[in-house]
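Each chain, written out:
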Amino acid sequence: QVQLVESGGGLVQAGGSLRLSCAASGRIFSIKRMGWYRQAAGKQRELVAGITNSGSTNYADSVKGRGTISRDNAKNMVYLQMSSLKPGDTAVYYCNAIVRVQTLIPYDAEFWGQGTQVTVSS
């Protein structure tokens, strides 16, 4: 019904920057919230940043001051700008969205992207 596709991951040296993008498509009536999660090897998935359709944001303490989440509602896209990257930022980053699915009886559901690998070298 709804697909999320991430892009922008890759290998970055410590101190560098990157920008992740996520595009949502499918039977979307509206998107209530979009966000980024990450999961490092051997660890649980954790929230990086989230943003509501109205623009309210929240961040994990570990990325405050280094990460900026933004969205383009018209394009159903969300972005994560990361700077001053550290080896500890190495993880698979997943796009997440709470979507009002467009169907005969609309309903809200959570969707995940396939993930994009971010590797920060020292």
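Residues numbered from 1 in each chain as written. Predicted model: local features only at pLDDT ≥ 70, side-chain atom pairs only at ≥ 80, totals over all residues. Heavy atoms only, no water.

**A look at the overall build of the protein**
Logical step 1: Scanning the protein from terminus to terminus reveals zero helices and 11 strands.
Logical step 2: Element order for the protein, N to C, with α for helix and β for strand: β-β-β-β-β-β-β-β-β-β-β.
Logical step 3: Here the protein has a C-alpha radius of gyration of 14 Å; the compact-globule value for 122 residues is 14 Å, and the two agree.
Logical step 4: With respect to the principal axes defined by its C-alpha atoms, the protein has extents near 50 × 25 × 20 Å.
Logical step 5: By residue count, 41% of the 122 residues in the protein fall in the buried class.
Logical step 6: Partitioning the intrachain contacts of the protein with sequence separation of at least 6 by distance along the chain shows that 55% fall at a separation of at least 24.
Logical step 7: Accessible surface, the protein as shown: approximately 6,400 Å² in total, 49% of it carbon and sulfur.
Logical step 8: Of the charged side chains in the protein, 13 are positive and 7 negative, and the gap between their average positions amounts to 3 Å. (Helix = DSSP H or I, 4+ residues; strand = E, 2+ residues; numbered from the N terminus. Rg over C-alpha atoms; globule rule 2.2 N^0.38 Å. Buried < 20%, exposed > 50% of the residue type's maximum accessible area, 1.4 Å probe, protein only. Contact = heavy atoms within 4.5 Å. Areas by Shrake-Rupley, 256 points an atom, 1.4 Å probe, with all protein chains shown as cover. Lys, Arg positive; Asp, Glu negative; His and termini not counted. Charge placed at Lys NZ, Arg CZ, Asp CG, Glu CD.)

**What about the pattern of salt bridges?**
Logical step 1: Following the criterion strictly, the structure yields five salt bridges and no others.
Logical step 2: For Asp89, the salt bridge identified is with Arg38, shortest N-O distance 2.9 Å. With Asp89 in the loop between strand S8 (77-82) and strand S9 (91-101) and Arg38 in strand S4 (residues 28-39), this pair connects stretches of sequence that are 51 residues apart.
Logical step 3: Residue classification places Arg38 among the buried positions, given a relative accessible area of 5%.
Logical step 4: A salt bridge links Arg66 to Asp89; its shortest N-O distance comes to 2.8 Å. With Arg66 in the loop between strand S6 (57-59) and strand S7 (67-72) and Asp89 in the loop between S8 and S9, this pair connects stretches of sequence that are 23 residues apart.
Logical step 5: The buried category is assigned to Arg66, whose relative accessible area is 11%.
Logical step 6: Taken together, the shared-partner salt bridges connect Arg38, Glu46, Arg66 and Asp89 into one network. (Salt bridge = Lys/Arg side-chain N within 4 Å of Asp/Glu carboxyl O.)

**Observations regarding unusual backbone geometry**
Logical step 1: Positive phi, normally seen in glycine, also occurs at Asn76, with a value near 55°.
Logical step 2: Position of Asn76 among the secondary structure elements: in the loop between S7 and S8.
Logical step 3: Residue Asn76 is classed as partly exposed on the basis of its relative accessible area, which comes to 23%.
Logical step 4: Positive phi, close to 50°, is recorded for Ser84, a residue that is not glycine.
Logical step 5: Looking at where Ser84 falls in the secondary structure, it is placed in the loop between S8 and S9.
Logical step 6: Looking at Ser84, the relative accessible area reads 41%, which means it is partly exposed.

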